[in-house]
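Per-entry structural report
Chain by chain, the residues:
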Amino acid sequence: MSANLGHYPLNPAYGSGIYRRRITFSTWGNGIQVGVLDDYHEMAVALLVSDGVVADVVARMDRYPKTSCPGATAALTMLRGAAVDGDLPLSATDRSSQCTHLVDLARLGLSWLARGDTAQVVEVALTDRDAARRQHLVVEVDGERALEWLLEDESIVLPQDHRGRNLFGGFGRWVQETFPPAEADLWRIAQMAVFVARGRAYIVDGPTPRRVAEEPGRFGACHSFSGAAFDTAYDNTGYVRDMTDGLPPLTARTDRSIGRDRP
């Protein structure tokens, strides 16, 4: 979701709902699958590992905002050869060729593998902004509460130790310097949830699809806003799922296996 969605009609139901996001982790002998399910996305990445590096990577997109999004799966091949315990190669973090969400899933998968994390499900719940522009966020790991924020205008009110910290503009670097890796991953997951949830204030999947080129300010932001896609891609219609009442069971399509039959 964009920071500026003013060209979309306002969502009259905004203010009474909850944005939810689930990230699932499934490890096996030579790799890991990481999937995401939320109001706007249903996709997964599988990383196959050999001798401490990424030997292959495959991805699946089942639900996504733009008609061009699936084209970004091919760019993930840039991850081949990346060290499990190292940073992603610069070519893989080039936003103009990648899907932000697939790269985030891949980064989380490598982080999980590097530390041998056994957690399987991370779920985020974030309330819409209220009249005081406040939001309540909770992150659960395997059903146990692991992180809780009170936000005002996307700045932390609680926990008190981090009061006033804005979630954007240097936040990722601060998180990396402040928290151990497992906790830092949860803070980054929470930050992305706040960013994506901005879309709930608008109707972004209306019956008349808008061209990507109607958002020139986002040129270069990701695969769908770059190259030929910028001039040819449209919004998908009817793809949004309001999950205020809860996420679907873990048997949803995002949780099915991909990539395990690859060499």
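Since the structure is predicted, the reported quantities are computational estimates derived from the model, not experimental observations.

Cut-offs applied
Residues numbered from 1 in each chain as written. Predicted model: local features only at pLDDT ≥ 70, side-chain atom pairs only at ≥ 80, totals over all residues. Heavy atoms only, no water. Disulfide = S-S within 2.5 Å. Buried < 20%, exposed > 50% of the residue type's maximum accessible area, 1.4 Å probe, protein only. Helix = DSSP H or I, 4+ residues; strand = E, 2+ residues; numbered from the N terminus. Contact = heavy atoms within 4.5 Å. Phe/Tyr/Trp six-rings, centres within 6.5 Å; stacked < 30°, edge-to-face > 60°. Lys NZ or Arg CZ within 6 Å of the ring centre and 35° of its normal. Core = buried A, V, L, I, M, F, W, Y, C linked by side-chain atoms within 4.5 Å. Pairing = 2+ DSSP bridges. Polar contact = N/O pair within 3.5 Å; in protein donor to acceptor, adjacent residues only side chain to side chain. Axes fitted to C-alpha atoms, helices over the stretch in contact; angles between N-to-C directions.

Here the structure, examined in full by the defined rule, presents zero disulfides. In this structure C69 is a free cysteine whose sulfur lies 6.1 Å from that of C99, the closest cysteine sulfur available. Overall, C69 belongs to the buried group, its relative accessible area being 10%. Note on C99: relative accessible area 9%, which makes it buried.

Right, let's talk about the environment of N11 for a bit. Within the fold, N11 resides in the segment before β1 (18–28). Remark: the alpha-carbon pair of N11 and V204, spanning 193 residues in sequence, is separated by 8.8 Å. Those residues in contact with N11 that lie beyond four places of it in its chain are R200, A201, Y202 and I203.

Take the packing of aromatic side chains next. For any pair of aromatic rings, geometry is given as the distance between the ring centres together with the angle between the planes. In this structure the tally under the stated criterion is eleven aromatic pairs. An angle of 70° between the planes, with centres 5.7 Å apart, marks the rings of W174 and W187 as edge-to-face. A residue pair is termed long-range when its members are at least 10 positions apart, and W174 in helix α2 (residues 171–178) and W187 in helix α3 (residues 181–197) qualify at 13 residues. Each member of the pair W174 and W187 is classed as buried. One aromatic cluster in this structure is built from W149, F171, W174, F179 and W187. The aromatic ring of W112 is capped on one face by R115, whose charged end is 4.6 Å from the ring centroid. Over the face of the ring belonging to F168 we find R198, whose NZ or CZ atom lies 4.6 Å from the ring centre.

If you look at the biggest cluster of nonpolar residues, it comprises 59 residues, and the most contacted ones within it are L47, W149 and W187. The element that contributes the greatest number of residues to this core is α3, accounting for ten residues. With seven residues, the next largest nonpolar core counts V212, F225, F230 and A233 among its residues.

A cis amide bond links L158 with the next residue in sequence, P159, at an omega value of 10°. Inspection of the secondary structure puts P159 in the loop between β8 (155–158) and α2. The backbone of D142 sits at a positive phi, close to 50°, despite the residue not being glycine. Assignment of secondary structure puts D142 in the loop between β6 (134–141) and β7 (144–152). Phi at D153 is positive, roughly 50°, even though this residue is not glycine. By secondary structure assignment, the location of D153 is in the loop between β7 and β8. Here D153 falls in the partly exposed class, since its relative accessible area comes to 34%.

Alignment of β7 against β8, held across three bridges, turns out to be antiparallel. Each residue of the ladder has a partner; that of E152, found in β8, is S155. Between β7 and the antiparallel strand that follows it, β8, lie two residues; D153 among them carries a positive phi value of about 50°.

Considering the arrangement of structural elements, one finds D38 in strand β2 (residues 31–38). Its relative accessible area of 0% is what places D38 among the buried residues. Here D38 is in contact with Y19, R20, R21, R63, V196 and M243, once residues within four sequence places are set aside.

A few words on the side chain of R60. Within the secondary structure, R60 is located in strand β4 (residues 53–63). Of the polar contacts made by the side chain of R60, one reaches the side chain of D62; its length is 2.7 Å.

It is worth spelling out the sheet that holds strand β5 (residues 121–127) at this point. Within a sheet, neighbouring strands are paired by backbone hydrogen bonds and run either parallel or antiparallel to one another. Across the sheet, which stays open at both edges, the eight strands sit in the order β4-β3-β2-β1-β5-β6-β7-β8 with antiparallel pairing between neighbours. This sheet does not close on itself; its edge strands, each paired only once, are β4 and β8. Looking at each pair of strands side by side, their axes are set apart by 20° on average, direction ignored. In terms of strand pairing, β1 meets β5 through seven bridges, oriented antiparallel. For I23, the partnering residue across the bridge sits in β5 and is V122. Across the sheet, α3 is in contact with β1, β2, β5, β6, β7 and β8; its angle to β7 comes to roughly 50°.

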